[in-house]
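Structural description and commentary
Next come the chains, spelled out residue by residue.
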Amino acid sequence: MTDNIKKYLEKNGCHVEVSDSRIITKHQFDNFEIRIAGDLAGNNFPFSLPKLFLLDRNKYGSLAHVGWNIDEGKEDEGLICEGVTENLHIDYDQPEKIYLLALNKSVETIKSLLSDRSKNEKEILEEFSGHWRFSVKDSTKKNKVVSFIEPSNSLLEITPTITHEPIYEGSNVFIVNKEINKSTDYSFLNKIQKQKSQKDRGIYLPIDKPVLPPSPINTIMEWWIELLKQLPKNIQIELKDKSERKKSKTYWVIASVQIDRNKYSWFCIKFENQNKANPPLTTSRNMDGWNATAYNTTIHNKEYVKPRGGTIESLANKTIAVIGCGSVGAEVARQLASSGIGKLIFVDFDSLSVENIYRHTLSSQYIDINKAIALALEFKKQYPYLQAESSKTDTLRNCLDKTFFDSVDGMIVATGNPTEERYFNQELFKADSRPWVIYVWTEGHSVGGHAVYVHSSGKGCLNCLYRDGAGNKS
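The shown structure was predicted, so the numbers you read here are calculated from the model rather than taken from an experiment. (Residues numbered from 1 in each chain as written. Predicted model: local features only at pLDDT ≥ 70, side-chain atom pairs only at ≥ 80, totals over all residues. Heavy atoms only, no water.)

This part covers the packing of aromatic side chains. Summed over all chains, the structure comprises 18 aromatic pairs. Between Trp 252 and Tyr 295, the aromatic rings sit 5.0 Å apart at their centres with planes inclined by 70°, giving edge-to-face as the arrangement. On the criterion of sequence distance, the pair formed by Trp 252 in strand E12 (residues 250–260) and Tyr 295 in strand E14 (residues 291–295) is long-range, its members being 43 residues apart. Summarising the burial analysis for this pair, Trp 252 and Tyr 295 share the class buried. Sitting above the plane of the Phe 429 ring, Arg 434 keeps its charged end 5.3 Å from the centroid. (Phe/Tyr/Trp six-rings, centres within 6.5 Å; stacked < 30°, edge-to-face > 60°. Helix = DSSP H or I, 4+ residues; strand = E, 2+ residues; numbered from the N terminus. Buried < 20%, exposed > 50% of the residue type's maximum accessible area, 1.4 Å probe, protein only. Lys NZ or Arg CZ within 6 Å of the ring centre and 35° of its normal.)

This is the structure:
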């Protein structure tokens, strides 16, 4: 395959050589000459795009969409990122054409970045987290830091703890205790909090302006010193004050970098020294003896998790009651939770039975437990920023109460009892003010589903659906 690709590239005007099964091409534009190596060995090509590396990587400094290599003998080359292969339909029957297309795309990318440094800098800032990962020298540290910290304007002292959870064994976990917007029942939080405390010190550092990540020619300590000089004076003073209160041989810094409105990148550095002198958090100190190590950070906060899950920000302050927690109501509730609803109130008098197992979202561990109570508990375990509770009211008729109406923005009625629902709808219209209501149900054997929306103003009517034998409204 390598020979065929070489011949095809040469036919299309490329300067090509093959070395150790790698295809190396030269490209000239403006005042630049770049070399790109294509590595087919151990790659899934032609079922994926070829891996293309920019050679002599270090002389280009910071460069968007290009990583750098830490493998022995390949330190001065960087993988060129051109998207995710899994999202592409690749014609594996024509590997020569695929290789040339990928090569041309990579060359155009490098050309545009070298020719327009402002564009290059802008795109580096947008992919700060990706560039930071190249600074992590030990790939085994991939999941060694888990942070639950929310972005803040305040510099905070934090205490790292070590988790005993097997998957994250030895991981450092950062939690700010005063953050109360997470569910205390959230499964992952409870699992990861099986910890022991450390004597290490930690600082959360908010950076309110974009900063460039380290380049291939920067050490982490060199980059950190330059970053400290760029911080506002008040932050520099506060850092110095906090670092001198209680000295340590180990300092952790978790920082959020504000890239745009409500958009942040994060980095983590561990500083270590054999003595406690001259904490490495201020430029007024000599940092000799301190080692700085970059860590990847698993970010687990509302600012990151909810948008990544596709939630809708405007729903965070909405409260919805789900009345009827059978298979239909439970599934609707799950969709609401996934959309970002802030609070769900569950209402049902019934318990989960053996007969429900193959059609209900709840697992068998909840058999003989009230469905409303079980769903509230399960949702709090799964969705960290959802408030979920079961109501003391347990039937639809008992929800005809002004206090209940005033506590919700909307109601999902999924009791499957048409008589109860018709009566509720009739009485609903008598209320001076009321939330919107959606009645949902399925036909027998799930051959069809229905939803009827009644606006809070009164538009829409459930009773209008029902007719007697002559076709008149019942």
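Here the narrative resumes, following the displayed structure.
Take the packing of helix H2 (residues 95–115) against helix H3 (residues 117–126) next. Running from amino to carboxyl end, H2 crosses H3 at an angle of 110°, the nearest separation of the two axes being 5 Å. The pairing of H2 with H3 is recorded here as roughly perpendicular in orientation. Residue-level contacts link Ser 112, Leu 113, Leu 114 and Ser 115 of H2 to Arg 117, Lys 119, Asn 120 and Glu 123 of H3. When its residues are assigned to classes, the contact of H2 with H3 shows two nonpolar, three polar and three charged. (Axes fitted to C-alpha atoms, helices over the stretch in contact; angles between N-to-C directions. Parallel < 35°, antiparallel > 145°, perpendicular 65-115°, else oblique. Contact = heavy atoms within 4.5 Å. Nonpolar A, V, L, I, M, F, W, Y, C, P; charged D, E, K, R; others polar.)

For Ser 243, the position within the fold is in helix H7 (residues 233–245). Its relative accessible area of 1% is what places Ser 243 among the buried residues. Polar contacts involving the side chain of Ser 243 include one to the main-chain carbonyl oxygen of Lys 240, which spans 2.9 Å. Not counting residues up to four positions away in its chain, the partners in contact with Ser 243 are Arg 201, Tyr 251, Pro 279 and Leu 281. (Polar contact = N/O pair within 3.5 Å; in protein donor to acceptor, adjacent residues only side chain to side chain.)

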